[in-house]
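Okay, here's what each chain looks like letter by letter:
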Amino acid sequence: MLKLSIGPGYSRWNGRLLAQHLGEVSQHQVWRVMRKHDLHLERRQSWCVSTDPEFSRKAADVVGLYLNPPENALVLCVDEKPCIQALERAQGWIRLPNGRATDRFAHEYKRHGTTTLFAALNVASGLVHAGTLSSPPQA
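Remember, it's a predicted structure, so these values are computed and weren't measured experimentally.

Undergrad: For the confidence of the model for the protein chain, give the residues involved together with the corresponding values.
TA: Predicted coordinates in regions of low pLDDT should not be interpreted in detail. This prediction gives the protein chain a mean pLDDT of 77; 76% of its residues lie at or above 70. When pLDDT is averaged over each element of the protein chain, helix α2 (residues 27-36) comes out on top at 92 and strand β3 (residues 101-105) at the bottom at 60.

Listed below in structure tokens is the structure:
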């Protein structure tokens, strides 16, 4: 992977900066090529690598349960998403002078506590069971 230095004052690449770095290429040409090849400067992919030496064996056991559950067994896949903030935005969508709405929000909001989402998937039937646990607003 090619790693390029953006320069001081910038945290990420954009079409203009990339065109400047390439030299005799316009930013319109940069965006055209990026659209053609479905490239997105703002996207970031990441993953975690387990340091558990038994990870492969444990993962194989779990996948084996999903693919071939024991007879008369109930196999659930359970996940938890803690501390989802319950926010009420002061403005909602921001309107631009031309009347269009932008996909960004104002920074002003009122907190209504946090929510923890629990979800379980019944592997055999595909049914999803979900519930939430809420905390009161913090002062």
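Undergrad: Could you give me a rundown of the nonpolar core, with the residues and numbers involved?
TA: Counting residues in hydrophobic clusters, the biggest one holds six residues: Trp13, Leu17, Leu18, Ala19, Val30 and Met34. If you list the elements that add at least two residues to this core, you get α1 (15-22) and α2. Per-element accounting of this core gives the leading share, three residues, to α1. Apart from residues no more than four positions distant in its own chain, Met34 is found in contact with Leu18, Leu39 and Leu41.

Undergrad: Please give an account of unusual backbone geometry that cites residues and values.
TA: One non-glycine residue, Asp38, adopts positive backbone phi at about 55 degrees. Within the element layout of this structure, Asp38 appears in the loop between α2 and α3 (55-67). You can call Asp38 exposed: its relative accessible area is 53%.

Undergrad: Run through a nonpolar patch on the surface, naming residues and quoting values.
TA: Side chains of Val62, Val63, Leu65, Tyr66 and Leu67 sit close together on the surface and give an oily, nonpolar patch of about 450 Å² of accessible area. Along the chain, the position of Leu65 falls in helix α3.

Undergrad: Can you tell me about the pattern of salt bridges, naming the residues and giving the values?
TA: Following the criterion strictly, the structure yields three salt bridges and no others. Across the salt bridge formed by Glu54 and Arg57, the nearest N and O atoms sit 2.8 Å from each other. Residue class for Glu54 comes out partly exposed when judged on its relative accessible area of 37%. Where Arg57 meets Asp61, a salt bridge forms, and the shortest distance between an N and an O atom there is 3.1 Å. With Arg57 and Asp61 both in helix α3 and four residues apart, the pair spans about one turn of that helix. Classification of Arg57 by relative accessible area gives partly exposed; the value is 45%. Among the residues examined, Asp61 registers a relative accessible area of 43% and is labelled partly exposed.

Undergrad: Explain α1 to me, using residue names and the numbers behind them.
TA: Taken together, the buried positions of α1 are Gly15, Leu17, Leu18 and Ala19. Looking at the packing, one finds that the buried side of α1 touches α2. Positioned one or two residues after α1, Gly23 has a phi angle of 100 degrees, which is positive.

Conventions we followed
Residues numbered from 1 in each chain as written. Predicted model: local features only at pLDDT ≥ 70, side-chain atom pairs only at ≥ 80, totals over all residues. Heavy atoms only, no water. pLDDT = per-residue confidence, 0-100. Helix = DSSP H or I, 4+ residues; strand = E, 2+ residues; numbered from the N terminus. Core = buried A, V, L, I, M, F, W, Y, C linked by side-chain atoms within 4.5 Å. Buried < 20%, exposed > 50% of the residue type's maximum accessible area, 1.4 Å probe, protein only. Contact = heavy atoms within 4.5 Å. Patch = residues over 30% accessible without salt bridge, like charges linked within 9 Å, V, L, I, M, F, W, Y side chains within 5 Å. Areas by Shrake-Rupley, 256 points an atom, 1.4 Å probe, with all protein chains shown as cover. Salt bridge = Lys/Arg side-chain N within 4 Å of Asp/Glu carboxyl O.

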